[in-house]
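Listed here are the chains, written in short residue letters.
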Amino acid sequence: MTSVPPPRTLVLGATGFLGHWLVLELLARGEPVAAAVRDPGRAAPFRHWLRAHGADDTALTTVAADLTRPGLGLSPEDDDRLTGVRDVHNLAARYDFGLARAQAEPPNVHGALHALRWSATRPGLRRLVHLSGYRVGRDPDPRYPLDERATAALYTRLGAYEASKQLGDAAVRVTAPRLGVPLTTVNPSSVIGHSRTGEAGQYLGLAQLVRQLHRGRLPLLPGTRRTFLPVVTVDHLARFLAAVPEHDRAPLRAHTVLDPATPALPELIGLLASHLGVRPPRGLIPVRLVRRLPRALTGADPETLTFLSEDRYDTASADHLATGAGLTHPPLTPALTRWATRLVEEDFGA
């Protein structure tokens with residue numbers, strides 16, 4: 001029997017959409033990987049998916065972990081098996097809209113800190129990579145913790161998902177220097193499917209807008225002509241994440257990752273409408289007005305509206321790392337159309 005090499009990388013959230021592709025990329029690079037699974041029953045389907053996508057999983061270790069518990073809920077035996085881990089990727093989060101604070105906070109805030117504190121116990125740690133979001137982490141001087149009144153107000157204003165991601169990002173950025181943990185936060189834009197196959201895997205965010213478009217339920221598009229909802233393909237993001245520990249050297253780094261070829265939202269939706277053979281929205285409606293209308297009428301989850309903005313984002317550090325790692329974004333238009341086709345074929349995850 002071939003022995004499994006000791007893992008050098010731990011991926012938290014390995015069985016999530018992005019986690020699948022990151023583990024696939026790491027194994028393709030010959031990296032011994034430990035994949036954390038909360039439900040041991042998901043380990044076998046996960047390995048099956050990797051093999052179906054051409055991976056040699058002999059260098060893969062799976063461990064049972066629970067991000068919401070101190071020490072990641074690892075058994076002493078599994079914790080010992082991970083002594084040699086030098087890179088930790090925390091992709092684990094509760095990603096959904098309409099959550100209560102009690103559902104979002106344990107994985108997205110407390111879990112982020114548990115991953116950080118566990119990483120600090122690895123004697124040869126090279127870097128912790130924490131996945132945030134592209135509208136998260138823009139404050140150059142984050143504060144954490146906030147008092148309860150400010151925390152509650154943030155949850156009320158943003159909704160549980162985005163508020164918890166903002167607090168989790170601030171928590172690790174404030175705490176990592178105190179623990180001496182080299183940290184990179186990666187803030188990706190809306191993640192679409194694989195550039196060559198369109199393979200989707202998640203059906204929230206922009207995918208919900210495409211579903212409304214395809215079903216004829218998007219007569220008016222929220223936003224303005226300058227509304228920008230940038231995207232990035234899952235394969236490019238996985239390659240970027242895999243490259244971070246090798247290329248980042250500063251104690252604290254942050255990267256916003258998006259495809260600069262993303263058009264403004266009206267043009268993007270028009271492109272997808274043409275590809276899907278459906279009628280595009282007849283016009284635009286201000287986001288502030290959509291917020292006031294009943295959800296039954298608009299079909300829009302109020303939390304998703306915070307992502308519809310005219311803001312543009314500084315990608316200089318991510319572009320510099322990508323250049324050093326020899327990474328380029330795949331052609332965007334065919335990636336978008338393949339993804340939209342796959343969403344329709346999969347009935348948007350129904």
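Residues numbered from 1 in each chain as written. Predicted model: local features only at pLDDT ≥ 70, side-chain atom pairs only at ≥ 80, totals over all residues. Heavy atoms only, no water.

Another aspect to go through is unusual backbone geometry. Residue proline 145 follows tyrosine 144 across a cis peptide bond; omega there is -5 degrees. Here proline 145 shows up in the loop between strand E5 (127-131) and helix H5 (148-158). Look at aspartate 347: it is not a glycine, yet its phi comes out positive at around 50 degrees. Even without being glycine, phenylalanine 348 reaches a positive phi, approximately 55 degrees. (Helix = DSSP H or I, 4+ residues; strand = E, 2+ residues; numbered from the N terminus.)

Counting residues in hydrophobic clusters, the biggest one holds 37 residues, and the most contacted among them are Val23, Leu50, Val186 and Leu241. Every element with two or more residues in this core is listed here: helix H1 (17-28), strand E2 (33-37), helix H2 (43-52), E5, helix H8 (234-247) and helix H12 (316-325). Excluding residues that lie within four positions of it along the chain, valine 186 makes contacts with Val129, His130, Leu131, Ser132, Gly133, Leu237, Phe240, Leu241, Val244, His255 and Val257. Core analysis: the next-biggest nonpolar cluster, separate from the first, contains 36 residues, Ile285, Val287, Val290 and Leu308 among them. (Core = buried A, V, L, I, M, F, W, Y, C linked by side-chain atoms within 4.5 Å. Buried < 20%, exposed > 50% of the residue type's maximum accessible area, 1.4 Å probe, protein only. Contact = heavy atoms within 4.5 Å.)

For the rest of this paragraph, the subject is the environment of histidine 53. Structurally, histidine 53 is set in the loop between H2 and strand E3 (60-64). Judged by relative accessible area, histidine 53 falls into the partly exposed class, the value being 29%. The spatial distance from the C-alpha of histidine 53 to the C-alpha of serine 309 is 36 Å, given a sequence separation of 256 residues. Leaving out residues up to four positions away in the same chain, histidine 53 has contacts with Trp21, Leu24 and Glu199. Here the side chain of histidine 53 touches tryptophan 49 through a polar contact of 2.8 Å, landing on its backbone oxygen. (Polar contact = N/O pair within 3.5 Å; in protein donor to acceptor, adjacent residues only side chain to side chain.)

What follows deals with the layout of surface pockets. Approximately 280 Å³ is the volume found for the second largest pocket. As for the second largest pocket, its lining consists of 14 residues, and the residues nearest its centre are Asp139, Pro142, Arg143, Gln166 and Ala170. Of the residues forming the lining of the second largest pocket, the biggest block, 5 residues, is contributed by helix H6 (residues 160-179). Split by residue class, the lining of the second largest pocket holds 6 nonpolar, 2 polar and 6 charged. (1 Å grid on protein atoms, 1.4 Å probe; cavity = no way out; pocket = protein on both sides within 12 Å on 5 of 7 lines; lining within 4 Å. Points joined across faces, edges and corners; volume = space filled by probe spheres on them. Nonpolar A, V, L, I, M, F, W, Y, C, P; charged D, E, K, R; others polar.)

On to the packing of H1 against H2, then. At a minimum axis separation of 10 Å, H1 and H2 run at an interaxial angle of 55 degrees. As judged from the angle between their axes, H1 and H2 are oblique. Crossing angle aside, the handedness with which H1 passes H2 is right-handed. Within the contact between the two elements, H1 uses His20, Trp21, Val23, Leu24 and Leu27 and H2 uses Phe46, Trp49 and Leu50. Considering only residue class, the contact of H1 with H2 consists of 7 nonpolar, 1 polar and no charged. (Axes fitted to C-alpha atoms, helices over the stretch in contact; angles between N-to-C directions. Parallel < 35°, antiparallel > 145°, perpendicular 65-115°, else oblique. Left-handed = near helix turned anticlockwise from the far one by under 90°.)

Moving on: the side chain of serine 309. Tracing the backbone shows serine 309 in the loop between helix H11 (295-298) and H12. Engagement of the side chain of serine 309 in a polar contact is seen with the backbone nitrogen of aspartate 311, the distance being 2.9 Å. Setting aside its immediate chain neighbours within four residues, serine 309 contacts Arg135, Arg226, Thr227 and Phe228.

The strand order across the open sheet formed by 7 strands is E3-E2-E1-E4-E5-E6-E10, and the pairing between neighbours is parallel. Strands with a single pairing partner mark the edges of an open sheet, and in this sheet they are E3 and strand E10 (252-257). Strand-to-strand, the axes of this sheet are offset by a mean angle of 20 degrees, without reference to chain direction. As paired strands, strand E6 (residues 183-188) and E10 are joined by 6 bridges and run parallel to one another. (Pairing = 2+ DSSP bridges.)

Per the stated rule, a full pass over the model turns up 7 aromatic pairs. Each ring, one from tyrosine 95 and one from tyrosine 161, has its centre 5.0 Å from the other, and the planes form 45 degrees; the classification is tilted. Of this pair, tyrosine 95 sits in the loop between strand E4 (87-90) and helix H4 (101-119) while tyrosine 161 sits in helix H6, and the two are 66 residues apart along the sequence. When the centroid spacing of 6.1 Å and the interplanar angle of 65 degrees are considered together, the rings of phenylalanine 97 and phenylalanine 307 count as edge-to-face. In this pair, phenylalanine 97 sits in the loop between E4 and H4 while phenylalanine 307 sits in the loop between H11 and H12, placing the two residues 210 residues apart along the sequence. For the residue pair phenylalanine 97 and phenylalanine 307, the accessibility class agrees, reading buried in each case. By way of ring pairs, the aromatic residues Tyr95, Phe97, Tyr134, Tyr161, Phe307 and Tyr313 are connected into one cluster. (Phe/Tyr/Trp six-rings, centres within 6.5 Å; stacked < 30°, edge-to-face > 60°.)

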